[in-house]
Number of protein chains: 4
Amino acid sequence: MSAPCNCKHAEATTAVDGSLQALSPELQKEFSDPSHPANLICELCRLFYDNNWVTGTGGGISIRDVDGADPNLVYIAPSGVQKERIRPWEMFLVELPDEKLLRSPNDVPEELTKKYKYKPSACTPLFMSCYTMRDAGACIHTHSQSAVMVTLLFENQKQFEISHIEQIKALPKLKYNEDSGKVEKIGSLDYFDTLVIPIIENTPHEEDLTDSLQEAIRNYPGTSAVLVRRHGIYVWGETVWKAKVYNEAIDYLLELAVKMHQAGVPLVRS
Amino acid sequence: MSAPCNCKHAEATTAVDGSLQALSPELQKEFSDPSHPANLICELCRLFYDNNWVTGTGGGISIRDVDGADPNLVYIAPSGVQKERIRPWEMFLVELPDEKLLRSPNDVPEELTKKYKYKPSACTPLFMSCYTMRDAGACIHTHSQSAVMVTLLFENQKQFEISHIEQIKALPKLKYNEDSGKVEKIGSLDYFDTLVIPIIENTPHEEDLTDSLQEAIRNYPGTSAVLVRRHGIYVWGETVWKAKVYNEAIDYLLELAVKMHQAGVPLVRS
Amino acid sequence: MSAPCNCKHAEATTAVDGSLQALSPELQKEFSDPSHPANLICELCRLFYDNNWVTGTGGGISIRDVDGADPNLVYIAPSGVQKERIRPWEMFLVELPDEKLLRSPNDVPEELTKKYKYKPSACTPLFMSCYTMRDAGACIHTHSQSAVMVTLLFENQKQFEISHIEQIKALPKLKYNEDSGKVEKIGSLDYFDTLVIPIIENTPHEEDLTDSLQEAIRNYPGTSAVLVRRHGIYVWGETVWKAKVYNEAIDYLLELAVKMHQAGVPLVRS
Amino acid sequence: MSAPCNCKHAEATTAVDGSLQALSPELQKEFSDPSHPANLICELCRLFYDNNWVTGTGGGISIRDVDGADPNLVYIAPSGVQKERIRPWEMFLVELPDEKLLRSPNDVPEELTKKYKYKPSACTPLFMSCYTMRDAGACIHTHSQSAVMVTLLFENQKQFEISHIEQIKALPKLKYNEDSGKVEKIGSLDYFDTLVIPIIENTPHEEDLTDSLQEAIRNYPGTSAVLVRRHGIYVWGETVWKAKVYNEAIDYLLELAVKMHQAGVPLVRS
């Protein structure tokens, strides 16, 4: 179970401000809740932008409404926009398992879209893989420089490994349950565990990563993330807050790994 | 076409606050729109300052009002002022093609100017080159340390090259159209494309860079930026938001390139 | 004596906002004071998060109410939550010397806890050691990357040493008083003093650090901090503001030490 | 002449908020002006804290009221307090040339001081040297890590030198006028000028730096700053905004110099 997030979310995401007045009263009401998934996407994208993870339209995020009335609802940020400036009505809303499109920013009044034709993030099939294969509640994709550097420093390796760093304990210990056929969380990694994250090769088109990402998810039942060489990382979790925490902990470890490598300190202690 | 920017712009730029009350009612009304080019210059300069790109009065920005009634109107930040603290009335306004001066901060009540004699940014002829040679909608000039470092690490090279990094895809693919005689955007760079940015040598006076910048723009029809050795970078785009996104993506790549070079990773994969 | 903190604390911590309305009127009133220890924990955790010290639920802080009516009251942040998002009612409150539990976030209305079962920070026995052995007013635990790096760069050393850096003067000069059997502050370190911080080895469970932390505190009567290898640092002070200042000064020195080591500059001048 | 600063200063410094109500109506009125030197000190200290320049009570700033009714009035931040949290009434006010004490935070109601005994910054005699020897309008002292690193990387050098970097042009060109016996600003440094900043050796007590700082100011009539080995830097300017800009430009150059040195790029081009 995940700790509640009781903080007062950044005000910019919560207000029914002037720019939302063109929306239907129903949507205005919906977006007046700061913990609405569409608002959380906006809030987290601003945070990720400040960390240099989603600069220049890079990166993306999707949230499945696991705490809402229908946990099959999935919110997806649009493609090719400035992530730190998106607004709640710009999300695509689809319903699992067949990804039926329920809502599109292209249906919003032109006063807001200015006739821009939105497309869902190119990461969409990758996000969906995390939802269907791992029952994830949210999936984060960043272009973190530490992630990219790690894939370059270990260019011939198929996985990233680090051990004996306290921050590893922030990540979940996962186990494949043969009965249910599902990967289940059985606790947290221990200090002496080796964190292993698979690295897949980048492809010209983001959607073409789907097969190798799915293969990595199958081959690494213990992982909560997949690194993409020369590109970035995908991280998921049971809820949006777990995904955020895992992503922060992994990025901390990747940043530290680059410094350790530079200083000649081995990443795994024998 | 560019995605709309629907975010609520930083409040400091939008308010008709006390410091604007000395302006004419017309100007006050004009500057009450947060997406007015003069307000966007203020907002972006604060952002660039936070990134250490325009510290100590360095750097500059100019916006052409491509979405406004007269796309020949060009707003230019003044020279030698703290970029993160400029206010909308401090901009120069000129009209293309002959750069006729329509408005000057020196015409504003002394209550605001405190008799300071404003001059347009020394970058002005360089900005104008981007408008006339490339039909740009905005042009950004920064003193980014990553930009300067790259020109120092490759001191004998006339261009910067990097390939096979996902973030490259945020940049436009440009092509010279022989019929129109213009450089046109035909899409985005691909992952396996090599991003090439020309490097010109610095000159004692910024305006003396004009000839070599224009030559670089002519010789590199595929570029959206020009590096200036030991100085910084000029980046432009079809709109202010495109210019911002290109600048962010390029700076991400320059920062990564410095790290790759330091780690002995080649910037271009053969 | 410590300088007063007269700043206006970050507004998010002070307001009796909507999210607090579910609390009893007494708690609402108590938390309306921005300098209440529970509010200061929230404020400082946000600051530490911005410094990358408590990312991904890592780190922690505890304050003893030395300026309040009962200096035996100790506030402790909960375990495993996002530190930058905690709210004042999420703290545990215990009374020294026998650590009697006076208040728990688990007693707060479910509307706020959402049935999450809170546990006090795993750092609790370590915090208590600082209170009982050193009469501390607050204790800070971070996963600072500079702290971790220093323990890795000097992996065979049992202590970290640095001398002849001005910032050392921000730290207290402590002396063991044989009469009182207590460590007392007798001034500040001098520029030419060597700052010495013991390094203890990490353990799988945080609470198992207690013995070695207490041993380090006994063996190093002059220290205000203990480094934990591959983990982070514990820093304490007479008041929360002193602890904050010491932590900042030490982290500055650790960050500088990493740079000095990388540049081949000895940390201690002979 | 200096450009006006028309920005809306950070609100926290300007408001006659609750914490000021204990002051006399005269002081409340005085501090209601956001451009009052005492407020500017608060604002700049917060900015410097964010840059890691005045962390842990380190560093300081003083402003001479050159734009006010009496340019002999000098505001000085207190010693040993958290610089990012000071409030306008915590400043000492003295009058040149004999440094007569006009106002002390120790005269403020105990409700605010909480009986803390304030002392003026230990930098005071150094600030005064800049006022009397150079007619400065403000003086900034930071513990910038780039400043400290430069003095360590060039430990045997008595001065720091860098040339052929555009940012150098943000600094003033100064010349000793034999007639007036004063150092006068005759323009800005050129791109091909070598910026030279003297480095003095640190002393156990900050005030003991006064002689060597004065000697450096005499021996380097062209400098606007003095580096203190293993300590930090002093920077001054004609006004507070000039001092801020010079400090930013110099710190940019020091940061770049550390990177250049690390990459084996000479700081001065022959």
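Predicted model only: the values in this text are computed from it and were never measured.

Another aspect to go through is the interface of chain C and chain D. Think of interface size as the accessible area that goes away when the parts come together; that is how it is often given. Contacts between the two partners involve 34 residues from chain C, matched on the other side by 40 residues from chain D. Taken over both partners, the interface formed by chain C and chain D buries close to 3,000 Å², and the fraction arising from carbon and sulfur atoms is 54%. Our count for the chain C to chain D interface comes out at two salt bridges. One salt bridge in this structure joins D:Glu84 and C:Lys244, with 2.6 Å as the shortest N-O distance.

This part is about unusual backbone geometry. Residue and element names in this part refer to chain B. Leu96 connects to Pro97 through a cis peptide bond whose omega is 5 degrees. Mapped onto the elements of the fold, Pro97 is located in the loop between β3 (92-95) and β4 (100-103). Even without glycine at this site, His164 takes up a positive phi of about 60 degrees. Take His164: it is sitting in the loop between β6 (159-163) and β7 (172-177).

This next bit is on the pairing of strand β11 (residues 232-237) of chain D. Residues and elements named next belong to chain D. Among the six residues of β11, six are classified as buried, and the element is accordingly described as predominantly covered. With burial as the criterion, each face of β11 is covered, one bearing Gly232, Tyr234 and Trp236 and the other bearing Ile233, Val235 and Gly237. Where strand β5 (residues 138-142) and β11 come together, five bridges link them in antiparallel fashion. Looking at β11, one finds that Thr142 is bridged to Ile233. One ladder, built from four bridges, connects strand β10 (residues 225-228) with β11; its direction is antiparallel. If you follow Ala225 over to β11, its bridge partner there is Val235. The turn joining β10 and β11, which pair antiparallel and follow one another in sequence, is formed by three residues; a positive phi near 60 degrees is taken by Arg230.

Moving on, we get to helix α5 (residues 124-134) of chain A. Residue and element names in this part refer to chain A. A large share of α5 lies buried, amounting to eight of its eleven residues. Along α5, the residues classified as buried are Thr124, Leu126, Phe127, Met128, Ser129, Cys130, Tyr131 and Arg134. Taken from the residues just after α5, Asp135 is the one with a positive phi, measuring 60 degrees.

This next bit is on the relation of the copies chain A and chain C. When chain A is brought onto chain C, the operation consists of a screw motion whose angular component is 90 degrees and whose axial shift is 0.0 Å, with 0.0 Å RMSD remaining. With respect to symmetry, the two chain copies, as superposed, fit the operation of a four-fold axis. In terms of proximity to the rotation axis, the leading residue of chain A is A:Gln262, whose C-alpha is 6.6 Å off the axis. Looking at chain A, a mere 3% of its interface residues are interface residues in chain C too, so the copies touch through different faces.

Here we come to the UniProt feature "binding site: substrate" (unreviewed entry) in chain A. Residue and element names in this part refer to chain A. Within this structure's numbering, the places UniProt gives as "binding site: substrate" (unreviewed entry) are Cys123. Position of Cys123 relative to the elements: it lies in the loop between α4 (110-113) and α5. Look at Cys123 and you get buried, because its relative accessible area is 3%.

On to the domain arrangement of chain A. Residues and elements named next belong to chain A. Domain annotation for chain A reports domain 1 (10-121) and domain 2 (129-270). Here the C-alpha centre of domain 2 lies 26 Å away from the C-alpha centre of domain 1. At the boundary of domain 1 with domain 2, total buried surface from both sides reaches about 1,500 Å², with 65% on carbon and sulfur atoms. The closest approach of N and O atoms between Arg64 and Asp135, which form a salt bridge, is 3.5 Å. Elements with a contribution of two residues or more to the side of domain 1 that touches domain 2: α3 (37-50) and β1 (60-64). Top element by residues in the side of domain 1 that touches domain 2 is β1. It accounts for five residues. Broken down by class, the residue content of the side of domain 1 that touches domain 2 amounts to eleven nonpolar, five polar and one charged.

As annotated in UniProt, the feature "domain: Class II aldolase/adducin N-terminal" (unreviewed entry) corresponds to residues 39-258 of chain A in the numbering used here. End C-alpha to end C-alpha, residues 39-258 of chain A measures 33 Å, and it is 30% helix and 26% strand.

According to the stated counting rule, one finds three cavities of 30 Å³ or more in the structure shown. When its volume is computed, the largest cavity comes out at roughly 140 Å³. Together, 16 residues line the largest cavity, and C:Ala3, C:Trp241, D:Gly80, D:Val81 and D:Gln82 are the ones closest to its centre. Its residues assigned to classes, the lining of the largest cavity shows eight nonpolar, five polar and three charged. If you add up the space inside the second largest cavity, you get close to 60 Å³. The residue inventory of the lining of the second largest cavity, partitioned by class, reads five nonpolar, two polar and two charged.

You can overlay chain C on chain D at an RMSD of 0.0 Å; the transform is a turn of 90 degrees with a shift of 0.0 Å along its axis. Of the interface residues in chain C, just 3% have counterparts in chain D that sit at the interface too, so the contact is made through distinct surfaces.

Once that is clear, we can look at the sheet that holds strand β9 (residues 194-200) of chain D. Residues and elements named next belong to chain D. Pairing in this open sheet of nine strands is mixed, and the strands run β4-β3-β2-β1-β5-β11-β10-β9-β6 from one edge to the other. Two strands close off the open sheet at either side, each with one partner strand: β4 (100-103) and β6 (159-163). Neighbouring strand axes in the sheet, compared pairwise and without regard to direction, differ in orientation by 20 degrees on average. Sheet topology note: the strand β1 (residues 60-64)/β5 ladder contains four bridges and is antiparallel. Across the sheet, Ser62 pairs through a bridge with Cys139, a residue of β5. Here helix α5 (residues 124-134) sits on the sheet and contacts β1, β2 (73-76), β3 (92-95), β5 and β11; the angle it forms with β1, its principal contact strand, is near 35 degrees. Lying over the sheet, helix α7 (residues 210-219) contacts β9, β10 and β11, oriented at roughly 155 degrees with respect to β9.

Residues and elements named next belong to chain B. Strands sit in the order β4-β3-β2-β1-β5-β11-β10-β9-β6 across an open sheet of nine strands; the sheet is mixed. Bordering the open sheet on either side are β4 and β6, each of which pairs with just one other strand. Averaged over neighbouring strand pairs, the angle between their axes works out to 20 degrees when direction is ignored. Seen against the sheet, helix α3 (residues 37-50) touches β1 (60-64), β2 (73-76) and β5 (138-142) and runs at an angle of roughly 150 degrees to β1. Lying on the sheet, helix α8 (residues 240-262) is in contact with β1, β5, β6, β9 (194-200), β10 (225-228) and β11 (232-237); it crosses β11 at an angle near 145 degrees.

With that out of the way, let us pick up the packing of aromatic side chains. Residues and elements named next belong to chain B. For the structure shown, the criterion picks out 16 aromatic pairs over all chains. Each ring, one from Trp89 and one from Tyr118, has its centre 6.2 Å from the other, and the planes form 85 degrees; the classification is edge-to-face. Here Tyr118 lies in the loop between α4 (110-113) and α5 (124-134) and Trp89 lies in the loop between β2 and β3, a separation of 29 residues in the sequence. For the residue pair Trp89 and Tyr118, the accessibility class agrees, reading buried in each case.

Here we take up the nonpolar core. Counting residues in each nonpolar core, the largest one holds 237 residues, and the members touching the most others are A:Ile41, B:Ile41, C:Ile41 and D:Ile41. Ignoring any residue separated from it by four or fewer positions in sequence, one finds A:Ile41 in contact with A:Ile61, A:Ile63, A:Tyr75, A:Ile76, A:Ala77, A:Ile86 and A:Met91. The next biggest cluster of nonpolar side chains, apart from the first, holds 136 residues, and it includes A:Val235, B:Leu189, C:Val150 and C:Leu267.

Criteria and cut-off values
Residues numbered from 1 in each chain as written. Chains lettered and ligands numbered in written order. Predicted model: local features only at pLDDT ≥ 70, side-chain atom pairs only at ≥ 80, totals over all residues. Heavy atoms only, no water. Contact = heavy atoms within 4.5 Å. Buried area = accessible area lost by both parts, 1.4 Å probe. Salt bridge = Lys/Arg side-chain N within 4 Å of Asp/Glu carboxyl O. Helix = DSSP H or I, 4+ residues; strand = E, 2+ residues; numbered from the N terminus. Buried < 20%, exposed > 50% of the residue type's maximum accessible area, 1.4 Å probe, protein only. Pairing = 2+ DSSP bridges. Least-squares fit on C-alpha atoms with pLDDT ≥ 70 in both. UniProt positions renumbered as here; feature names shortened; annotations may be inferred. Domains from an automatic or database assignment. Nonpolar A, V, L, I, M, F, W, Y, C, P; charged D, E, K, R; others polar. 1 Å grid on protein atoms, 1.4 Å probe; cavity = no way out; pocket = protein on both sides within 12 Å on 5 of 7 lines; lining within 4 Å. Points joined across faces, edges and corners; volume = space filled by probe spheres on them. Axes fitted to C-alpha atoms, helices over the stretch in contact; angles between N-to-C directions. Phe/Tyr/Trp six-rings, centres within 6.5 Å; stacked < 30°, edge-to-face > 60°. Core = buried A, V, L, I, M, F, W, Y, C linked by side-chain atoms within 4.5 Å.

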